[in-house]
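Tertiary structure, described
Listed here are the chains, written in short residue letters.
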Amino acid sequence: MAKVECSHCKLEFDESVMIIKEEDGKKLYFCCKGCEGVYTLLNSKGLDSFYERLGSNKLEPANIDFSDLDRFDSEAFAKKYIKTTKDGFSEINLIIEGIHCSACVWLNEKVLHQSDGVIEANINYSNNKAKVIWDSDVIKLSKIIEIIRAIGYDAHPYDPKIQEEKATKLRNEYYSRILVGVFATMNIMWIAIAQYTGFFTGMERSHKNILNIAEFILATPTLFYSGWIFFRGAYYGLKNRFVNMDLLVSAGALLAYLYSVYAMVTETGEVYFDSVTMIITFVLVGKYLEILSKKRAADTLDKIIGSMPTEAFVVKDGKKELKPIETIEIGDIIETKAGEKIVLDGVITKGSAMLDLSFLTGESEPILKKENDEVLSGSIVIDSPIQYRVTKNNNDSIVYQITELLSDAVTKKPHIEQLANKISGYFSITILTIAILTFLGWYFIGKVGFEQSLIIAISVIVIACPCALGLATPMATLVGISKAAKEGILFKEAITLESMAKATILALDKTGTITIGKPIVIKQNFIKEFDLSLLYSLAKISNHPISKAIAKHLEEKNENLKELNLDNIKEIQAKGVVAKYKDIELLGGNTELLKEYNIKFDIDSKNSIYIFAINKEVVAIFELKDVIKPNAKEFISKVKELGLKVVMLTGDRESVAKEIAKELGIDEVKANLLPQDKASYIDKLHQNGEIVVMVGDGINDSIALAKSDIAIAMGSGADVALEVSDVVLLNNSLSSLQKAFVLSKRVFRAIKENLGFSLVYNITVIPLAVLGYVNPLFAALAMSLSSLIVVGNSFRIYRSKI
Amino acid sequence: MSDNVLILMLGISTFLGALGLFALLWGLKTGQFDDQSKFLDGARFDGEDELKDAIMMEKKKEEALKRKREKEKNYMPGD
């Protein structure tokens, strides 16, 4: 049958399943009612140019759902997400779901602009975040959300961490300052060339004055606008009683500037305006590089809290009532539907269900909970509705405690002191002292007069190029970061590369980090021939990891698998699935399921078993197991070679953990750990003075990740884990983890080389400056050259093998 | 070369450069570079309609503000 494109979402479907409509002699096809609705709406509003803009992009079929709109008008919601602007309008930050291309952004903005009461709607294409400002007297938020949903998108509120806004603002601020600096430096340089030529060949005083004034005009905004950051930094440094590089930079630049102004006004000597702008601009670029690679503020807590429902159905006297979580008391009965989260800790009073506890344990296999069993908040009810009695209120429930611990850990994250910071402190003090001594020496002993002594002292500060020192770390780490990104290792912050080289302990999570994290078929036994499509269809029904693994296994081994239409499907909790195909009875699950259906079959294995039976006769047996990732053993031994101790932390049973540890040669194992236990173990390591690298993937690892010095997450891991981590391994492989270690050592070496070079440079040129042999041309050249060498050396990392 | 020529050359070239710099800074400050792809799409697609839209939004804001002010003026405490 021919495939046709849906007129709205542009996906292709069989003609027979499409809704066909005729309009203006044109045949329109729609894959679903949703798409049809959106198409008609856009046409009636005159927004059909959307489809022109869409080009060859495809959308998702519009799934329009107007339920739960009320929640956007509730007071609890408003308090949490809605801000009031200065003008008295309401403002909210939304994440728009379903945006695929710029046409989508255009459409959303357009419909919002057209609605009454919306004052401003601005959607960012790259991150799908939208800021909407509206007049709450004219339109309600629920109506705005309804408009967005009506055109086939969905919107969720989010709480923009002020930190994130701050970070962008800071970057923009630096950017403006650098722009001014670069502009002034470039212009001063070509004026300075005339000055230098004049210095050697002589030029008229009046020409020199004009050039001096032009340089003065350009240098002034650079020093006071671009250089403001250094003055501020120096001030805060002095206030806290320590000398930092900012002090050296600002003192040098300011003195050179003041002297140049003096030289310009009195028409004596040379001006140093070019040095002023160059120092400021170069060091500012170094600082900017550091900020550029700084980790964006983690929205961690928002993510966890945002994923938790704010309200729940409380059952009282046979009636259901939606209540905010904070007002629910101990002893209340809450009803939770399939697919929803348990909001408070409690005990099941009615029903039984499979619960996904991966939030707490990291294990993906769901667990059956029956009446009178305890349920923990944060777990997800997978299959059937349950009612439970609340035993702990909001502040004592485990989710709340985890978020508390997490927020604590994130704010108190340890920071390893950077080599460059340490050195630059000493460096600044030394240079300033030398400069003062030089001045005093020339003035009292050399007797060259106040002016000449001052010039020489300033030249010491100017030539003691802080540029190379300032660029030493950021350049090397930035090159390292881009090299890592090429290998699928995402460093969120530059400093991590440097500190990772100093790590002493590697703590690994088991499931998902060392192992693949999902069961896979390790053994299969076909007792009798049968149509594999039957088994495939049965396995496809369930979302249980074992069923999924079977379906995937079949897909890999066989082609021509068909999904048949099964009837009488019944999922039996923690046991398996039964269904009928025509008259054939299908049954797939574990031994418990066989017992329930009175099929006699004996098998004993440590691994998970999946048995498939047709008409109560067993035809195939599969054994499944979560297996260790390839090259895990090699990785562990390599890491040990690098001098790190390896520890495994897992929420799994001790016996399983021990077996894997033995196989891989891991020295230490801690099993049966809850999220808090993992974190406190990291604390213990810290107390022993260790620098810890933690690798994990689940929400249950996130506190430990946040507490560790360097946190590394698997790219497939939970959002929160990715969020708190410093490094993300995009391809989840242990070999890229190994590469990260090697790279960090390489970068650390480059940093040391850079620092070493700039120190050697200074040791050679400072004596020359102290003796008064430095002229402006030489100073400018030497300064640029030293910076270039640092940049060049850093780029060598790019070519190194890791 | 006379002094005036030198002044004129330096002055005009720096001034022109400064104009470009200020335009860039202004764009940065008003958030025009915040979203790279939107910025490029604006150049590709935006036409008269978008300009009208922008004017409409400004008018709408003005009206809403006016309404707000009037409401505040006419506000009478209940008794």
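**Observations regarding the overall build of chain A**
Secondary structure summary: chain A contains 28 helices and 31 strands in total. Here chain A, with 802 residues, has 42% of them falling under the buried criterion. Put simply, 67% of the contacts in chain A that link residues at least 6 apart link residues at least 24 apart.

**Some details on the overall build of chain B**
The secondary structure content of chain B amounts to three helices and zero strands. Classification of the 79 residues of chain B by burial places 4% in the buried group.

**Looking at helix α27 (residues 734-770) of chain A**
Under the 1.5 Å per step criterion, the end-to-end length of α27 of chain A is 54 Å for 37 residues, consistent within 8% with the ideal 54 Å. Trailing α27 of chain A by a residue or two, G772 of chain A shows a phi angle of about 85 degrees, which is positive.

**A look at the nonpolar core**
All names here are of chain A. Within the largest apolar cluster, 135 residues are counted, with the highest numbers of intra-cluster contacts made by V276, V460, V693, M694 and I712. Tallying contributions element by element places α27 first for this core, with 15 residues. With residues up to four places along the chain from it excluded, the contact list for M694 reads A507, I682, A704, L705, S708, A711 and I712. Counting residues in hydrophobic clusters, the runner-up holds 41 residues, among them C6, C9, Y39 and L107.

**A closer look at the sheet that holds strand β10 (residues 311-316) of chain A**
Picture the strands of a sheet paired through backbone hydrogen bonds; they go either parallel or antiparallel. All names here are of chain A. Reading across the sheet, the six strands line up as β11-β10-β12-β18-β13-β16 and stay open at both edges, with antiparallel pairing between neighbours. Only two strands of the sheet have a single neighbouring strand rather than two, namely β11 (319-324) and β16 (374-375). In the sheet, β10 pairs with β11 via six bridges, with the strands oriented antiparallel. Its bridge partner being in β11, F313 is matched across the sheet by L322.

**Considerations on the confidence of the model for chain A**
When pLDDT is averaged along chain A, the result is 81, and 92% of the positions lie at 70 or above. Highest mean pLDDT in chain A belongs to helix α7 (residues 205-226) of chain A (92); lowest belongs to helix α11 (residues 300-307) of chain A (56).

**Some thoughts on the pairing of strand β27 (residues 645-649) of chain A**
All names here are of chain A. Most of β27 is tucked away: four of the five residues are buried. Alignment of strand β20 (residues 505-509) against β27, held across five bridges, turns out to be parallel. Bridge pairing in β27 links D509 to L649. Two strands pair when backbone bridges link them, and β27 and strand β28 (residues 668-670) are joined in this way by three bridges, in the parallel orientation. Each bridged residue has a counterpart across the sheet, and for M648 the counterpart in β28 is V669. Crossover β27 to β28 through helix α23 (residues 654-664) is right-handed.

**A look at the interface of chain A and chain B**
One frequently used descriptor of interface size is the decrease in accessible area upon assembly of the parts. Counting from both sides, the interface comprises 23 residues of chain A and, opposite them, 24 residues of chain B. In terms of residues, the side of chain A that touches chain B owes the most to one element, helix α6 (residues 162-201) of chain A, which gives seven residues. Considered class by class, the residues forming the side of chain A that touches chain B number nine nonpolar, 10 polar and four charged.

**Focus: the packing of α7 of chain A against helix α1 (residues 3-29) of chain B**
Across the interface, α7 of chain A lies against α1 of chain B with an axial gap of 10 Å and an inter-helix angle of 15 degrees. When the axis of α7 of chain A is compared with that of α1 of chain B, the two are roughly parallel. Here α7 of chain A runs over α1 of chain B; the crossing is right-handed. Facing α7 of chain A, whose interface residues are S206, H207, I210 and A214 of chain A, α1 of chain B presents D3, L6, I7, L10 and T14 of chain B.

**A look at the environment of N598 of chain A**
Structurally, N598 of chain A is set in the loop between α21 (591-596) and β25 (608-614). Residues N598 of chain A and K616 of chain A, 18 residues apart in the sequence, show an inter-C-alpha distance of 8.6 Å.

**Digging into the packing of helix α19 (residues 532-541) of chain A against helix α20 (residues 545-557) of chain A**
Any two packed helices are characterised by the angle at which their axes cross and by the distance between the axes. All names here are of chain A. It is the contact of α19 with α20, at a shortest axis distance of 8 Å, that shows an interaxial angle of 145 degrees. Crossing of α19 against α20: the hand is left-handed. On α20, the residues touching L532, L535, Y536, A539 and K540 of α19 are S547, I550, A551 and L554. Residues that form the contact of α19 with α20 fall into these classes: seven nonpolar, one polar and one charged.

**Digging into the sheet that holds strand β19 (residues 489-491) of chain A**
All names here are of chain A. Taken together, the seven strands give an open sheet; going across it, the order is β19-β31-β30-β29-β20-β27-β28, and neighbouring strands pair in mixed fashion. For this open sheet the edge positions go to β19 and β28, each flanked by a neighbour on one side alone. Ignoring strand direction, the axes of neighbouring strands in this sheet form an average angle of 20 degrees. Two strands pair when backbone bridges link them, and β19 and strand β31 (residues 727-729) are joined in this way by three bridges, in the antiparallel orientation. Bridging across to β31, F491 finds its partner in V727.

**Some points on unusual backbone geometry**
Even without glycine at this site, K447 of chain A takes up a positive phi of about 50 degrees. If you trace the backbone, K447 of chain A turns up in the loop between α14 (419-446) and α15 (450-463).

Rules used throughout
Residues numbered from 1 in each chain as written. Chains lettered and ligands numbered in written order. Predicted model: local features only at pLDDT ≥ 70, side-chain atom pairs only at ≥ 80, totals over all residues. Helix = DSSP H or I, 4+ residues; strand = E, 2+ residues; numbered from the N terminus. Buried ≥ 20, exposed ≤ 12 C-beta atoms within 10 Å, placed from the backbone. Contact = placed C-beta atoms within 7 Å. Expected span 1.5 Å × (residues − 1). Core = buried A, V, L, I, M, F, W, Y, C linked by C-beta atoms within 7 Å. Pairing = 2+ DSSP bridges. pLDDT = per-residue confidence, 0-100. Right-handed = clockwise from strand over helix to strand, strands pointing away. Nonpolar A, V, L, I, M, F, W, Y, C, P; charged D, E, K, R; others polar. Axes fitted to C-alpha atoms, helices over the stretch in contact; angles between N-to-C directions. Parallel < 35°, antiparallel > 145°, perpendicular 65-115°, else oblique. Left-handed = near helix turned anticlockwise from the far one by under 90°.

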